[in-house]
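So the chains spell out like this:
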Amino acid sequence: MTAALAASDRIELSIEGMSCASCVKRVENALAGVPGVQRAAVNLATERAQVELQRAGADTVGALVAAVAKAGYEAHPVDAGGGEAARQAAARENEARALRGRFTLALVLTLPVFLLEMGGHLVPALHHWLQARVGETALWALQFVLTTLVLAVPGRSFFAKGAAALRHAAPDMNSLVAVGAGSAWLYSTVATFAPGWLPPDARHVYFEAAAVIVTLILLGRMLEARAKGKTGAAIARLASLQPRTARVLRGADAVDVPIESVRPGDVVRVRPGENLPVDGLVIDGSSYVDESMITGEPVPVQKLPGVSVTGGTRNTQGSLTVQVTRTGADTTLARIAEMVQTAQGAKLPIQGLVDRITYRFVPAIMALAALTFFAWLAAAPAPALPAALVHAVSVLIVACPCAMGLATPMSIMVGTGRAAEMGVLFRQGEALQTLREVGIVAFDKTGTLTEGKPTLTGVGLAPGYRREDVLGWVASMQEASEHPIASAIVAAARAEGLVLTPVRDFAAAAGAGVQGTVNGHAILAGTPRLMEAHGVDAGPLREQAQIWAREGKTVIHVAVDGALAAVMAVADPVRPSAAQAVAALRAAGIRTAMITGDNRHTAQAVAQTLGIDEVHAEMLPEGKVEAVRKLRGDAADGAGRGAPNRPRLAFVGDGINDAPALAAADVGIAIGTGTDVARDTASVVLMSADPRGVPRAIAVSRATLTNIRQNLFWAFVYNVALIPLAAGVLIPFGGPALSPIFAAAAMALSSLFVVGNALRLRRFAS
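Residues numbered from 1 in each chain as written. Predicted model: local features only at pLDDT ≥ 70, side-chain atom pairs only at ≥ 80, totals over all residues. Heavy atoms only, no water.

By the naming in an unreviewed UniProt entry, the chain is P-type Cu(2+) transporter, taken from Bordetella genomosp. 9. Recorded in UniProt for the chain, the comment headed Catalytic activity (unreviewed entry) runs: "Cu(2+)(in) + ATP + H2O = Cu(2+)(out) + ADP + phosphate + H(+)". Regarding the chain, the UniProt comment filed under Sequence similarities (unreviewed entry) reads as follows: "Belongs to the cation transport ATPase (P-type) (TC 3.A.3) family. Type IB subfamily." (UniProt positions renumbered as here; feature names shortened; annotations may be inferred.)

Written as structure tokens, this is what we have:
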């Protein structure tokens, strides 16, 4: 445990017992008080706490759990082995089942109380008949028994948790319910069994209010728990894609073993129609695999020996024998699920403000309820005590901040889950809010707007050089590079049957080219800037290079032993969907730019084809960073990315040389088919290579933030607007008031509206 903590300095805890936003702030404060904690963020919807530490020791987890317990809640570390999602799903199912049982019992006990009290008011004949046959004292005693059972059995947790919160001088929603329902029950009990303690005109009972309050709040929590289960549907669907067993070859036999027992290096067999259990490399067989869950492309991809496959994808035709490369938490599917879960548990900047307000909201409401009670007691006509009690209880109940605590995290959970289904992964939760404010999107070219699979289309030679010699030398050197252009040259050389020879002293200049020694010749291959840096005159072939560049092709200059030997043209087809992506961004009011290391003529040609507004070409990695800053407006006065009135900028790239720009942008968006470095640097990852994922990500961000604002408006305005009504402020002017029963219904309705509104994002389509 100690080593693991020291390596990560980050702990995730599952928190139980939270019911509102004030609980969130209380748990955060408890965790922040543990020595060594730098930051603690708690999410009400996911019931998780993310704790960042300056240092971690063997007893760190124990100290965190103890701090949460002291605050009145339960905590345990999240299982990093992958079983936590299943455990949490089971816990939520159990919670929903338990709430259903508690609500059913409360309803059965409450109905007679409600009918005995309210039925008599609605049907006077029934009231008179009951009074004559049973008697008022016996009726009240029966209501006392039934209401006491409601509060003591299904409603017990409100009083246990509410009292604990009050003991810690940090009242929460449970405290409001406990004080409200408890006050109504206590007053009614006195009126029933010690009526002499009250003035004759004040001898009334409110058992039905206490019982109905608890029953309605249990109904709201039950429906809320069921709805919360739906927010985790995206992760559940991801988890369901991976088979629970794999057919592993043990000698000549194929044995079905649990997926947890499979290790890298094992060989598994996958039959037609089955999902691949793990990531691996095909070593035998041929088939077509449906990778739509990763790439979004509906057409199955052919898989031959030597080609990689991804766990969770579906084998549609032939049988495949696959050598396992990654298992468990290292698989692509597990990393995607982890990113979704991290994004769902994120706390946006807007949520911090909400938590600070609601942390003080409950004490303020209790003070307001006390003020309401004493104001009515002092100013109302006799008997003032019943009216004071009813209005104070109504204020306590109607202002419960459940909806406020759920407004942001519920939208984040559903929005990021829906984004994952659309092929957009938010690695950092803050990007969800920042992306909404993006006014400029800058793209890399190669591999982002283009296919990233270029082909060699032409070789222009200087006098005295042969094509096969130059192509062979350059291909031999480029074989050590993973750049798409290098792959195109190597592929062309092999297609012509050329034999590649080992390279010595190989070196790559980021964004400029490569150099090395082949067959005793010093070879340079790259941009005119690289030629100039080594004193090579590119003039003799400049005209041919410019012709190819105007056609949108990438031109590679080749020097042999210090003299220009050739220029090569490589064409990288523009992605068919790139123009649609740029058009969608323009329709959304967003400017577009291209920042590329390719030559200016090629970049301009591609930009003109796609309708891109601005081009920055021939950029080294540090040049791309400077271009990002200029586009955002930082250079005007030295202001940073957080400066006001600066347009937010997103950079989209796929290569190692894009990593600095991805980090410098307000939001870095990595193409899923790009390098690991790009994906690790970016805050948003597109699962496929389709650039249309960029406007899709922005649309999801805007929809989610709009949803959050709708929820917050409803939660705050609705609850606060009903407080004067509950306090009876309008009664002196002939206006209506809100009884405790309707206050409880209104509070439950507020939470259900927030949850239901968030769930609308599941149907979002860009």
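Asks: Before we go on, may I ask you to explain the overall build of the chain in this structure?
Replies: Secondary structure assignment for the chain yields 27 helices and 26 strands. When the 766 residues of the chain are sorted by exposure, 53% land in the buried category. Of the contacts formed within the chain by residues at least 6 apart in sequence, a portion of 69% connects residues at least 24 apart. As presented, the chain carries roughly 32200 Å² of accessible surface, and 58% of it is formed by carbon and sulfur atoms. (Helix = DSSP H or I, 4+ residues; strand = E, 2+ residues; numbered from the N terminus. Buried < 20%, exposed > 50% of the residue type's maximum accessible area, 1.4 Å probe, protein only. Contact = heavy atoms within 4.5 Å. Areas by Shrake-Rupley, 256 points an atom, 1.4 Å probe, with all protein chains shown as cover.)

Asks: Explanation requested: the UniProt feature "transmembrane region" (unreviewed entry) in the chain in the structure shown.
Replies: Under the UniProt annotation, "transmembrane region" (unreviewed entry) lies at residues 103-126, 138-155, 176-198, 204-223, 357-379, 385-408, 712-731 and 737-759. Taken end to end, residues 138-155 comprises 83% helix and 0% strand; its first and last C-alpha atoms sit 24 Å apart. Taken end to end, residues 176-198 is 78% helix and 0% strand, and its two terminal C-alpha atoms sit 25 Å from one another.

Asks: How should the pairing of strand S22 (residues 591-595) be read in this particular structure?
Replies: Most of S22 sits out of view: 4 of its 5 residues are buried. By the bridge criterion, 4 bridges tie strand S15 (residues 438-443) to S22 in an arrangement that is parallel. Counted as the bridge partner of alanine 442 is alanine 593 from S22. Bridge analysis of S22 against strand S23 (residues 614-616) gives 3 bridges, and the strand direction is parallel. Note on S23: the bridge partner recorded for alanine 593 is glutamate 614. This β-α-β element, S22 to helix H22 (residues 600-610) to S23, shows right-handed connectivity. (Pairing = 2+ DSSP bridges. Right-handed = clockwise from strand over helix to strand, strands pointing away.)

Asks: Mind showing me how you'd approach unusual backbone geometry here?
Replies: Leaving glycine out, the prevailing phi sign among residues is negative, and the prevailing peptide bond configuration is trans. One non-glycine residue, aspartate 561, adopts positive backbone phi at about 55°. Looking at where aspartate 561 falls in the secondary structure, it is placed in the loop between strand S20 (554-560) and strand S21 (563-571). A residue is classified by how much of its surface remains accessible, and aspartate 561, at 47% relative accessible area, is partly exposed. Phi is positive for glutamate 618, which is not a glycine, with a value near 55°. Considering the arrangement of structural elements, one finds glutamate 618 in the loop between S23 and helix H23 (621-632). Judged by relative accessible area, glutamate 618 falls into the partly exposed class, the value being 37%.

Asks: Can you help me understand the sheet that holds strand S19 (residues 521-526) in this one?
Replies: Strand order in the open sheet formed by 6 strands is S16-S21-S20-S19-S18-S17, and the pairing between neighbours is antiparallel. This sheet does not close on itself; its edge strands, each paired only once, are strand S16 (455-461) and strand S17 (503-509). Averaged over all neighbouring strand pairs, the angle between strand axes comes to 20°, with direction disregarded. As paired elements, S19 and S20 share 4 bridges and run antiparallel to each other. From the neighbouring strand, leucine 524 faces S20, where its bridge partner is alanine 559. Its contacts with the sheet place helix H17 (residues 467-478) against S16, S17, strand S18 (513-518), S19, S20 and S21, and it is angled at close to 80° to S19. (Axes fitted to C-alpha atoms, helices over the stretch in contact; angles between N-to-C directions.)

Asks: Please clarify how helix H18 (residues 484-495) should be interpreted in this entry.
Replies: Since the α-helix advances by 3.6 residues per turn, residues separated by three or four positions end up pointing in the same direction. Taking 1.5 Å per residue, 12 residues should reach 16 Å; H18 reaches 16 Å between its end C-alpha atoms and fits that length. Along H18, the positions that sit buried rather than exposed are Ile485, Ala486, Ala488, Ile489, Val490, Ala492 and Ala493. Where H18 is buried, its residues meet S16, H17, S20 and S21. Glycine 497 occupies a position one or two residues after H18 and carries a positive phi of about 75°. (Expected span 1.5 Å × (residues − 1).)

Asks: Hey, could you run me through the packing of aromatic side chains in this one?
Replies: Any aromatic ring pair is given by two values, namely how distant the centres are and how the planes are angled relative to each other. According to the stated counting rule, one finds 6 aromatic pairs in the structure shown. Ring centres of phenylalanine 144 and phenylalanine 207 lie 6.1 Å apart, and the angle between their planes is 65°; on these two criteria the pair is classed as edge-to-face. Placement of the pair is phenylalanine 144 in helix H6 (residues 136-152) and phenylalanine 207 in helix H9 (residues 207-231), with a sequence separation of 63 residues. Accessibility expressed as a relative area gives 0% for phenylalanine 207, which makes it buried. Where tyrosine 187 meets tyrosine 206, the ring centres are 6.0 Å apart and the plane angle is 50°; that geometry is what we call tilted. Linking tyrosine 187 in helix H8 (residues 173-193) with tyrosine 206 in the loop between H8 and H9, this pair joins segments that are 19 residues apart in sequence. When sorted by exposure, tyrosine 187 lands in the same class as tyrosine 206, which is buried. Positioned above the aromatic ring of phenylalanine 158 is the side chain of arginine 102, whose terminal nitrogen or guanidinium carbon lies 6.0 Å from the ring centre. (Phe/Tyr/Trp six-rings, centres within 6.5 Å; stacked < 30°, edge-to-face > 60°. Lys NZ or Arg CZ within 6 Å of the ring centre and 35° of its normal.)

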